Amino acid sequence: MTLQKIKTIRNLILISVGISIIGIISVTAAYSCGIQHIVIMSNLESYKKSFDPELCNALVEKINLFNNDCKPEVEILDCG
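Residues numbered from 1 in each chain as written. Predicted model: local features only at pLDDT ≥ 70, side-chain atom pairs only at ≥ 80, totals over all residues. Heavy atoms only, no water.

Re helix H2 (residues 33-50)
An α-helical turn contains 3.6 residues, so a residue and the one three or four places further along point in the same direction. Between its first and last C-alpha atoms H2 spans 26 Å; for 18 residues at 1.5 Å apiece the expected length is 26 Å, and the two agree. Of all the positions in H2, only Ile40, Asn43, Leu44 and Tyr47 are classed as buried. Seen end-on, H2 carries its buried residues on one side only, within an arc spanning 110°. Within H2, the exposed residues directed more than 90 degrees away from the buried face are Ile38 and Lys49. (Helix = DSSP H or I, 4+ residues; strand = E, 2+ residues; numbered from the N terminus. Expected span 1.5 Å × (residues − 1). Buried < 20%, exposed > 50% of the residue type's maximum accessible area, 1.4 Å probe, protein only. Arc of directions from axis to C-beta.)

Structural notes on helix H3 (residues 53-69)
In a regular helix each residue adds 1.5 Å, so 17 residues correspond to 24 Å; H3 covers 25 Å between its end C-alpha atoms and thus fits that length. Regarding H3, the residues found buried are Cys56, Leu59, Val60, Ile63, Phe66 and Asn67. All buried residues of H3 lie within an arc of 135° about the axis, which places them on one face of the element. Exposed and facing more than 90 degrees away from the buried side of H3 are Glu54, Glu61, Leu65, Asn68 and Asp69. Of the surrounding elements, those touching the buried residues of H3 are H2. (Contact = heavy atoms within 4.5 Å.)

Below, the structure is given as structure tokens:
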């Protein structure tokens, strides 16, 4: 009975560690430069269809943050 409890606790710990590692990897991947670049390019295509000034301002902010942290640099829009 005691051996079974130890195995159960060990399995729970291993599962918890595995889930934590997967969570950390997912969060890191979500904010990687490549994914941010794809999102910005997608938003640029949406902006070119709508020419919404609010979307343009939001995109300029995203592009500025992206250009500060990542390479290749994205050209900043002229919302004027």
